[in-house]
Structures are given as structure tokens and as C-alpha cells.
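Each chain, letter by letter, is given below.
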Amino acid sequence: MGNSFGTDTLEMKRLHRLGKLDKEHTFLFATMLMKQGKFKEAEILYNENTKLTSSENYNVSFNYATALLKNKKTREGLKKFYELKLAMKKNNDTQEILYGEIGKNILRILKGKKG
């Protein structure tokens, strides 16, 4: 990371509004918001970040799908998980941990949307 942004939510929000966060810092900011339970704001940032990155950026896509689920957008979140899993399979990239988590989240959704 070239810049030394702090982890203060208000400062990150201000910098984002000014367009001074690159895609890496936008991802970090969204992750910070998820940890604070601010799922709607995180969803918006992850969605924005998926448009700025290649489709191979699995962490952004995974977190975006998770944010959708946390915002009770089950159908959209499930669709994003399937798209991510298909992209990983297509690219012959089955990062075991992430690939396994996708499968667990899909099963959790199908078994009753717990999580």
C-alpha cells in the first residue's frame, strides 16, 4: 500500500468520498465495515470494488456475496457465490480454503439461511 491511511472509519469514509481510496483501500474499508456490522455500506463498497477489479479477484467477490447475504439478499448472494465458484473452476483455481468456504456458505443458505 503506497499511502498510509489509518483505520479510522470516519477518515476512510471521508477519503472514499473524495475519491482518494484505491481499490485495495476500498476493499480494506469495506472489510472494516463488515466487521463493524455495517453490511449495507460494505455491500456498496464491495460492489463498487468488483467493478474496479478483474473477475479473478476472488476475495472481493466472496466478501460481496457475503455482504449481500448479511443484507438479506439471499438470491443475489447465492448467485454471486455460484458465479465465483464457476469462475474459479473455469480458471482451474480451487484455492482450497476459499473454495471450501463458498461451498459451506451455499449449503448454509440452502439449509435455512443461517449465517
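Predicted, not measured: the structure shown is a model, and the values here were computed from it. (Residues numbered from 1 in each chain as written. Predicted model: local features only at pLDDT ≥ 70, side-chain atom pairs only at ≥ 80, totals over all residues. Heavy atoms only, no water.)

With respect to the nonpolar core
Here is a general trend for soluble globular proteins: nonpolar side chains tend to be buried in one another's company. Basically, it comes down to this: Residues belong to a common nonpolar core when they are buried Ala, Val, Leu, Ile, Met, Phe, Trp, Tyr or Cys residues joined through side-chain atoms within 4.5 Å. Whether a residue is buried, partly exposed or exposed follows from its accessible area with a 1.4 Å probe, protein chains only, as a fraction of its type maximum: under 20%, in between, or over 50%, in that order. Every helix listed is a DSSP run of H or I at least four residues long, and every strand listed is a run of E at least two residues long, numbered separately from the N terminus. Any two residues having at least one pair of non-hydrogen atoms within 4.5 Å are treated as being in contact.
Core analysis: the largest hydrophobic core is formed by 16 residues, its most contacted members being F29 and Y46. When contributions to this core are tallied by element, the ones reaching two or more residues are helix 1 (9-17), helix 2 (23-35), helix 3 (39-52) and helix 4 (58-70). By residue number, the principal contributor to this core is helix 2, which donates six residues. Residues in contact with F29, not counting those within four places in the same chain, are T9, M12, K13, H16, L21 and L45. Judged by nonpolar contacts, the second largest core, of eleven residues, contains A65, F81, I102 and I106.

Structural notes on the packing of helix 2 against helix 4
Rules: The axes used here are C-alpha line fits, helices contributing only the stretch in contact, and every angle between their N-to-C directions lies in the interval 0 to 180 degrees. We call a crossing left-handed when the near helix sits turned anticlockwise from the far one by less than a right angle, and right-handed when that turn is clockwise. Amino acids outside the nonpolar list (Ala, Val, Leu, Ile, Met, Phe, Trp, Tyr, Cys, Pro) and the charged list (Asp, Glu, Lys, Arg) are all regarded as polar, and Gly is one of them.
Running from amino to carboxyl end, helix 2 crosses helix 4 at an angle of 30 degrees, the nearest separation of the two axes being 11 Å. For the crossing formed where helix 2 meets helix 4, the hand is left-handed. Counted together, F27, T31 and M34 of helix 2 and N59, V60, N63, T66, A67 and K70 of helix 4 form the full contact between these two elements. Considering only residue class, the contact of helix 2 with helix 4 consists of four nonpolar, four polar and one charged.

Some remarks on the confidence of the model for the chain
Put simply, the test is: You can read pLDDT as the predictor saying how much it trusts each residue, on a scale of 0 to 100.
Per-residue pLDDT for the chain averages 78, and the proportion of residues at 70 or more is 81%. Across the chain, the secondary-structure element scoring lowest on mean pLDDT is helix 6 (residues 96-110), at 73, and the one scoring highest is helix 2, at 87.

Remarks on the pattern of salt bridges
Condition: The salt bridge criterion pairs a side-chain nitrogen of Lys or Arg with a carboxyl oxygen of Asp or Glu, the two atoms within 4 Å.
Under the definition given, this model contains six salt bridges. K13 is the partner of E41 in a salt bridge, and the nearest nitrogen-oxygen pair spans 3.2 Å. Residue E41 is located in helix 3, and its partner K13 is located in helix 1; the two are separated by 28 residues in the primary sequence. With a relative accessible area of 30%, E41 lands in the partly exposed category. For K40, the salt bridge identified is with E43, shortest N-O distance 4.0 Å. Here K40 pairs with E43, and both are found in helix 3, just three residues apart, close to one helical turn. The partly exposed category is assigned to K40, whose relative accessible area is 43%.

Quick notes on unusual backbone geometry
You will see that K72, though not glycine, has its phi angle at about 60 degrees, which is positive. With respect to the helices and strands, the residue K72 is situated in the loop between helix 4 and helix 5 (74-90). The exposed category is assigned to K72, whose relative accessible area is 74%.

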